[in-house]
Amino acid sequence: DLGCGDARWLVACCARYDCLGVGYEIDADAVAAARRNVESAGLESRIRLKEADLFSADLRDVDVVVVYLFRAGCARLQSKLDAELRPDALLVCVGFKLATWVPLVE
């Protein structure tokens, strides 16, 4: 989850599906809230949180990417996604579309 905030998407996904999650968040207060939410859900073994800029994430081996960014953030991120995501990776872009990507579901 790029820009994971309080990790609510990660917690929901990892609680429902048998998966591992990594959240990137640059805001220290949001990371602290995310850690509390992950611990409250008992998912510390399945979710890693990184206090880091989302642009530092290595996306080459990722199966699913979740982003909930405004249009300008999506536009900045698109070249990174184009360069690093595998062709079979799934992008869940909440709220805004990426300019040159065709959504599977709207």
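Quick summary incoming for the structure in this document. Starting from 1, residues in each chain are numbered consecutively following that chain's sequence as written. In keeping with the predicted nature of the model, local features appear solely for residues at pLDDT of at least 70, side-chain atom pairs appear and are counted solely at 80 or more, and the whole-chain, interface and lining totals rest on all residues. Hydrogen atoms and water are omitted, and side-chain values are computed over all heavy atoms in the structure.

### With respect to unusual backbone geometry
Then step 1. With a phi close to 70°, Ala7 is a non-glycine residue in the positive phi region.
Then step 2. Under the scheme used here, helices are H or I runs from DSSP no shorter than 4 residues and strands are E runs no shorter than 2 residues, and both carry numbers assigned from the N terminus. Checked against the element boundaries, Ala7 lands in the segment before helix 1 (8-16).
Then step 3. On the basis of relative accessibility, which here comes to 0%, the residue Ala7 falls in the buried class. With a 1.4 Å probe rolled over the protein chains alone, any residue whose accessible area is under 20% of its type maximum counts as buried; one over 50% counts as exposed, and the rest are partly exposed.

### Overview of the pattern of salt bridges
Then step 1. What makes a salt bridge here is a side-chain nitrogen of Lys or Arg within 4 Å of a carboxyl oxygen of Asp or Glu, nothing more. As enumerated under the stated definition, the model contains five salt bridges in all.
Then step 2. Note that Arg8 is salt-bridged to Asp6, the shortest N-O span being 2.6 Å.
Then step 3. Under the relative-accessibility criterion, Arg8 is labelled exposed at 58%.
Then step 4. A relative accessible area of 23% means that Asp6 is categorised as partly exposed.
Then step 5. With a closest N to O distance of 2.8 Å, Lys80 and Glu84 form a salt bridge. Placement of the pair is Lys80 and Glu84 together in helix 3 (residues 71-84), with a separation of four residues, close to one helical turn.
Then step 6. We classify Lys80 as buried; its relative accessible area is 10%.

### Focus: the environment of Ala75
Then step 1. With respect to the helices, strands and loops of the structure, Ala75 is situated in helix 3.
Then step 2. Sequence separation between Ala75 and Thr100 is 25 residues; the distance between their C-alpha atoms is 9.9 Å.

### Let's talk about helix 1
Then step 1. Considered for burial, the residues of helix 1 that qualify are Leu10, Val11 and Cys14. One side of helix 1 carries all its buried residues, which in axial view fall inside an arc of 95°. The outward face of helix 1, more than 90 degrees from its buried face, is lined by the exposed residues Arg8 and Arg16.
Then step 2. Only heavy atoms matter for contacts: two residues are in contact if any of them lie within 4.5 Å across the pair. Buried residues along helix 1 sit in contact with strand 1 (21-25), helix 2 (28-40) and strand 2 (47-51). This arc is taken over the directions from the axis of the helix to the C-beta atoms.

### Observations concerning the pairing of strand 2
Then step 1. Pairs of strands are assigned from DSSP output, requiring at least two bridges between the strands. Sheet analysis places strand 1 next to strand 2, joined by five bridges and oriented parallel. By the bridge assignment, Gly23 is partnered in strand 2 with Leu49.
Then step 2. Consider the strands pointing away from the viewer: the crossover is right-handed when the path from the first strand over the helix to the second runs clockwise. In this fold, the crossover linking strand 1 to strand 2 by way of helix 2 has right-handed handedness.

### Regarding helix 2
Then step 1. One less than the residue count of a helix, multiplied by 1.5 Å, gives the span that helix is expected to have. Taking 1.5 Å of rise per residue, the 13 residues of helix 2 would be expected to cover 18 Å, and the 18 Å separating its terminal C-alpha atoms lies within 8% of that figure.
Then step 2. Ala30, Val31, Ala33, Ala34 and Val38 are the residues of helix 2 that are buried. All buried residues of helix 2 fall inside an arc of 160° around its axis, so they share one side. Along helix 2, the residues that are exposed and aim more than 90 degrees away from the buried face are Asp29, Arg36 and Ser40.
Then step 3. Where the residues of helix 2 are buried, they touch helix 1, strand 1 and strand 2.
Then step 4. Two or three places before Asp29, at the start of helix 2, stands the capping residue Asp27, its side-chain oxygen 3.1 Å from that residue's backbone nitrogen. In protein, a polar contact means a hydrogen-donor-capable atom and an acceptor-capable atom, both N or O and within 3.5 Å, with residues adjacent in sequence counting only if both atoms are side-chain atoms; elsewhere, any N or O pair within 3.5 Å suffices.

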